[in-house]
Structure formats: C-alpha cells, structure tokens
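Each chain, written out:
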Amino acid sequence: MRQQLTLFKLNQQIKEALNEAFPATVWVVAEVSELKENRSGHCYLELVEKDEDKIIARARATIWSYTYRMLKPYFETTTGRFFSHDIKILVQATVEFHPAFGLSLNIKDIDPAYTVGDMALQRKEIIERLRNEGVFEMNRELQLPIVPQKIAVISSKTAAGYEDFINQLENNGHGFKFYTHLFEAYMQGAAAVPSIIQALENIFQYDDFFDAVAIIRGGGASADLNCFDNYELAFNISQFPLPVVTGIGHEKDDTIIDMIAHTRLKTPTAVAGFFINGVELFYDRLVQNESEIVRLTRESLDDNQQRLERMAVEINQMASSFIREKSDVLSKKGNRLHRNVNRFAFLKNSELNNLKHDLQSALSIWRVEKRNKLDQKRRVLKRVAGEIVLTQKNYIVHLKELTRHSSRRFLQTENERFHLNSETVRLLTPVNVLKRGYTLTLKNGQIVTSVNQLKIGDAIETQFADGKVKSKIKKNKL
Amino acid sequence: MATKKISYNEAVSEIEDILEKIENEELDVDELAEKVKRVSVLLKLCKDKLTKTNDQVEQILKEMEE
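This report concerns the structure included in the present document. Nothing here was measured: the structure is a model prediction, and the numbers come from that model.

1. Details of the overall build of chain B
From N to C terminus, chain B includes 3 helices and 0 strands. Shown N-terminal to C-terminal, the secondary structure of chain B runs as helices and strands in the order α-α-α. Taking all 66 residues of chain B together, the buried fraction comes to 30%. Accessible surface for chain B amounts to roughly 4400 Å². Of this, 47% is attributable to carbon and sulfur atoms.

2. Regarding the overall build of chain A
Scanning chain A from N- to C-terminus turns up 9 helices and 14 strands. Contacts in chain A between residues far apart in sequence, at least 24 positions, make up 61% of those at least 6 positions apart.

3. So, a negative patch on the surface
Residues and elements named next belong to chain A. Together, Glu49, Asp51, Glu52 and Asp53 make up a negatively charged patch on the protein surface. Examined against the element boundaries, Asp51 turns out to sit in strand β2 (residues 43-51). Judged by relative accessible area, Asp51 falls into the partly exposed class, the value being 46%.

4. Comments concerning helix α6 (residues 231-238) of chain A
The periodicity of an α-helix, 3.6 residues per turn, causes residues three or four positions apart to be oriented the same way. Residues and elements named next belong to chain A. Of the residues making up α6, those classed as buried are Tyr231, Leu233, Ala234, Ile237 and Ser238. Around the axis of α6, the buried residues are gathered within 160 degrees of arc, so they sit on the same side. Those residues of α6 that are buried are in contact with α3 (112-132), α5 (192-204), β8 (212-216), β9 (244-247) and α7 (256-260). The opening residue of α6 is Asn230, an N-cap whose side-chain oxygen sits 2.8 Å from the backbone nitrogen of Glu232.

5. Overview of a nonpolar patch on the surface
All names here are of chain A. On the surface, Leu5, Leu7, Leu10 and Ile14 cluster together into a nonpolar patch covering about 340 Å² of accessible area. Mapped onto the fold, Leu10 is located in helix α1 (residues 7-21). With a relative accessible area of 36%, Leu10 lands in the partly exposed category.

6. Observations concerning the packing of aromatic side chains
Enumeration according to the criterion identifies 11 aromatic pairs over all chains in this entry. Pairing A:Phe75 with A:Phe83 gives two aromatic rings, centres 5.1 Å apart and planes at 75 degrees, and the pair type is edge-to-face. Residue A:Phe75 is classed as buried on the basis of its relative accessible area, which comes to 0%. Residue classification places A:Phe83 among the buried residues on the basis of a relative accessible area of 5%. Among the aromatic residues, those joined into a ring-pair cluster are A:Tyr68, A:Phe75 and A:Phe83. The cationic tip of A:Arg129 hangs over the ring face of A:Tyr231; the distance from NZ or CZ to the ring centre is 3.6 Å. A cation over an aromatic ring shows up here: B:Lys49 above the ring of B:Tyr8, its NZ or CZ 4.4 Å from the ring centre.

7. Observations concerning the interface of chain B and chain A
Where the parts come together, the accessible area they lose is often given as the size of the interface. Across the contact, 29 residues belong to chain B and 31 residues belong to chain A. When the buried area of chain B at its contact with chain A is split by residue, B:Leu19, B:Leu50 and B:Met64 rank highest and sum to 23% of it. Linking chain B to chain A there are 3 salt bridges. A:Lys177 is paired through a salt bridge with B:Glu58; the nearest N and O atoms lie 3.2 Å apart.

8. With respect to the pattern of salt bridges
Residues and elements named next belong to chain A. Evaluated as defined, the whole model comprises 22 salt bridges over all chains. A salt bridge links Glu137 to Arg140, with the shortest nitrogen-to-oxygen separation between them at 2.8 Å. Its relative accessible area of 35% is what places Arg140 among the partly exposed residues. Of the charged contacts, one joins Asp375 and Arg378 as a salt bridge, the two residues approaching to 3.5 Å between their closest N and O atoms. One end of the pair, Asp375, and the other, Arg378, are both in helix α8 (residues 268-428), 3 residues apart, so they sit about a helical turn from each other.

9. Observations regarding the sheet that holds strand β12 (residues 446-447) of chain A
Residue and element names in this part refer to chain A. If you trace the 4 strands from one edge of the open sheet to the other, you get β12-β11-β13-β14, paired in antiparallel fashion. Edge positions in the sheet fall to β12 and β14 (467-472), since each of these pairs with one other strand and no more. Here strand β13 (residues 459-464) runs beside β14; their pairing, made up of 6 bridges, is antiparallel. Along β14, the bridge assignment pairs Gln463 with Lys468.

10. Some details on the packing of helix α2 (residues 65-79) of chain A against α3(A)
All names here are of chain A. Where α2 contacts α3, the two axes come as close as 9 Å, and the packing angle between them is 35 degrees. As for the relative orientation of α2 and α3, their crossing is right-handed in sense. Of the residues in α3, those touching α2 at Tyr74, Phe75, Thr78 and Thr79 are Pro112, Thr115, Val116 and Met119. Its residues assigned to classes, the contact of α2 with α3 shows 5 nonpolar, 3 polar and no charged.

11. Side note on the environment of A:Thr263
Residues and elements named next belong to chain A. Relative to the elements of secondary structure, Thr263 occurs in strand β10 (residues 263-265). Thr263 gets classed as buried once you look at its relative accessible area, which sits at 15%. Spatially, the C-alpha atoms of Thr263 and Arg140 are 7.2 Å apart, while their sequence positions differ by 123 residues. If we ignore the near neighbours within four places in the chain, the residues touching Thr263 are Val244, Val245, Thr246 and Phe274. For Thr263, the side chain forms a polar contact with the side chain of His262, separated by 2.8 Å.

Rules behind the numbers
- Residues numbered from 1 in each chain as written.
- Chains lettered and ligands numbered in written order.
- Predicted model: local features only at pLDDT ≥ 70, side-chain atom pairs only at ≥ 80, totals over all residues.
- Heavy atoms only, no water.
- Helix = DSSP H or I, 4+ residues; strand = E, 2+ residues; numbered from the N terminus.
- Buried < 20%, exposed > 50% of the residue type's maximum accessible area, 1.4 Å probe, protein only.
- Areas by Shrake-Rupley, 256 points an atom, 1.4 Å probe, with all protein chains shown as cover.
- Contact = heavy atoms within 4.5 Å.
- Patch = residues over 30% accessible without salt bridge, like charges linked within 9 Å, V, L, I, M, F, W, Y side chains within 5 Å.
- Salt bridge = Lys/Arg side-chain N within 4 Å of Asp/Glu carboxyl O.
- Lys, Arg positive; Asp, Glu negative; His and termini not counted.
- Charge placed at Lys NZ, Arg CZ, Asp CG, Glu CD.
- Arc of directions from axis to C-beta.
- Polar contact = N/O pair within 3.5 Å; in protein donor to acceptor, adjacent residues only side chain to side chain.
- Phe/Tyr/Trp six-rings, centres within 6.5 Å; stacked < 30°, edge-to-face > 60°.
- Lys NZ or Arg CZ within 6 Å of the ring centre and 35° of its normal.
- Buried area = accessible area lost by both parts, 1.4 Å probe.
- Pairing = 2+ DSSP bridges.
- Axes fitted to C-alpha atoms, helices over the stretch in contact; angles between N-to-C directions.
- Left-handed = near helix turned anticlockwise from the far one by under 90°.
- Nonpolar A, V, L, I, M, F, W, Y, C, P; charged D, E, K, R; others polar.

Here's what the structure looks like:
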C-alpha cells in the first residue's frame, strides 16, 4: 500500500528534518531585495542571491520587533546607511519552517562590518571604473570662476541645509550679491540618483550662465549616503561642464560624489562660506590693486617731480658752465684780438713812419729840385725882364718926347676953344637967366620941374633974380 | 571697449597689467593719468557688479522658474 501523508504531516516532517539539520543559528550572506516594517514593528524581508543579475536563491526572513529595535540603529550607525533594500548583509538566523507559511529565516543578529566591507568594495569598484574611463579627475580639473557669484543649487526646498545655505549667502558681511537658483531633487532614497541627474540636465541648459553647481543637503547621523556612492551620478557629475561643490552633511568618509566633485565641503553652510570666501579674495585683490595703484601713481608722480627738479638744477648748471666757457673763449679771443690789433697797429704805425720818412725825404728832394728850378727860372726871368725893361725904358723916352709935342699942340687948340665958349656960358648962367625974367620954383629947397610934384596946400618958394617969395598952392593944374 | 560686458577676469587682468606697467615705469605722465582713470573705472565696475543687483541676471533667473 502506498504510504500517504497529509500536507500538514509532510510539512511537519520537513520542519522536524530542518530542525535536525539546522539545530542552531547559521550565518548567512544575502542581499536584501525587499524590506517591510509592519505596524507592530516587525520587519519582513526578502533575501536573494544573484549570479550576475540572475537570482539564484530566494528566501523570506523576519526580524521580530524586539530584535529589530536594536539591530536597525546598530546597523545604521555602524554602516552610515539605511537598513533597506539593495544592501548586502551578513545575518545570524535560525531556519524556521512553518507548515502553513513555509520556509523563513528568523534573523537574530547582524554583522554590519560585512556590509561596510561590501560597500567599500563596491565603492572601490566604482572608483576604479571611473578612473579607467578617465573621468575621475575631470570635474576637479575645471577652473572655478574668479568670482563664483551665480550658483545653481541642487537640493530639496524643505531641507534645513538649503535654507542655511541661502541665508549664509544673502547675509554675507560684505554685501556681495549672489544669484542662486534651486534645481529641486530628492536627496536620499531610491529616487535621489535619477532626480539629481535630471537636475544636472536642467542646469546644463544654462551652463553659460552659472559659475558653479552646489549639491547640498542637511546633515544627520542617520543620513543615508548610499545614493552618493552611485556610479551613474558620479559619471554625470565628473563630466559636468561647471565645477560642482558638495555639502551633503556628513562627517564620515567621503562619498564618491565628494571625491569627484570640484570641491568637497562638509555642510551647506561651509559651501556658502566657500563661495563668499572666493568673492572676498577677488574683492581683496581689487582693494589691494586699488591701494597699489594709488601708491605707485603717487610714487611715479613724485619721481617725475624730482626728475623735473633735478633737470632744472642740471640745466641751470649746464647753462652757467656753458656761459662761463663761452665767456672764457670770448675773453681769450678778445685778448688775442687786442694783441693782434696792437701788433697790427704797431706794424702799420712803423709802415706809416717809413712812409712818412720816405715822403719827407722825397719832399725835401722835390723841394731842393723845385728851388733849383725856381732859381734857374728866376735868373732867366731877371735876364728877360732886364731886357724888357731896357726896351720899354727906351720906348718911354721916345713916348715922353712924343707926348710933349702933342700936348703943347692940344693945349693951344683948347685954349682958343675955351675963349669961344665962355661967352655962351655967361649968357646961360642962372643969375642971368633970372635977370631975364625967369623964376625958379623950389619946394623944401628942391627945384620943382613939374606940376605933378605939387599938391594943394604945399608951400613953395619962388626964386627971383633979386630974392625969393614964399607962396602956397591953392589950385592945381589949371 | 565695451566696458559694460567686461568680465571680472578681463577687468582684473587689465588692472594688473596697468599696475605692472606703472611699476616698470613704462608709462609717461600723460599715459599714467589716462590709465589710472581707466583703472578706477574698472574698479568701480567690478565693485558694482559684486554688490549691486543686475536686473538682466535677475531676469534670466526669473525665466528659469517658468
């Protein structure tokens, strides 16, 4: 007869066999594929094992609430990440089999060190991959603008860290103006990676506008940083054309995002401080340049002033020495001229003396000659004159004789004519004329010969042969 | 030169270029006056840009909201 078992009995036997086979707890390595907490605080998980991407084993597991209350915080503080799916865990569990619910692992304990190691390994692999692809250093090699003033912020609006960041920027001590724009994204959990990548893509449209990207998030001890150890996100950030500054609020080891970011800072406040400091450095440089230019300009002007003064002094000196030199030359020339003039004068003087001497001797010779000639001429003249005088003397004797005869004859003739004329003269004498009845009219003792010499009222004298009368003119020209 | 659009980099390198020239005494007094004036314009420009709100930039930010 075939042996028959009820399902319950079968399951009972399986349970007994399992209890025999796994009398104590076992340590199991598995990956959490699902995780649920119910209202009473129990935790239900699905554990899997994968070969590449294929699931080769699967089992349900539970952590009862009293255990879970202790295990969860222990795990999270030790690993720095949430106790959730997609993590590899090493747990101590009993193998349970319930006839109605089947196989299940009842987790009693957990070894977070395994998960930490696994995470480190994963990180190492990601880093390795990024390095091999040559993108690991790319964002760090970007140059942060000299003034990081326009910041694209990736954060969640409600995060305290975001508010701190904005407050810090807006209330900077120098009154610098910052321009920010929030590109919202989930900052933890499964949605974080795609939403951050989406935010980066949005910023990429304005990559000419922004100076830098800030990825910020408020801190917290229980923060799950797993999403920041993601290859996809790291790959995107490393090749982003703007420098990325992180401030994702954790004190532990850097995440991969921190490693590949241009600058890694601990908190959003520190990121704000970093940008403010960048602008401050530029501002200080301006102020320094300003004072430097004032100083240099003043120096340069002073130098020029001094140079001018020095030149003035030099010119003065040069002019003086030039004048002195020329004056020396002039006086030397003057002296030479004086000497030359003296010598010339002396020469000319002696020439003149010579000439004078020559002239005097020539003159005395000439004078002697002239005198001799004169003497000669005088002698000739004397002789000629003597001859002439002698001739004339004879001629005069002859003339004297001639004259005596002529004058005797002339006198005789004239005497006869004189006797003839004296009778005429006697008749014409004025007295005889007056006696004959003629009168002579005088005015002021002058003879009047014309009526025109007289006018009315003139006194006239009339001379008669025997006297004179005075009369006055009464009428004129009858 | 379009002074309005000058970048921080351009401004500061121009300023420092002028500084160097003054330091090396490459400028005569007339040039000096001109360059110092230029520097003060650039300094003012940078300081204004650092501290005063630029409406054009604000406008671009506003457009991002939409």
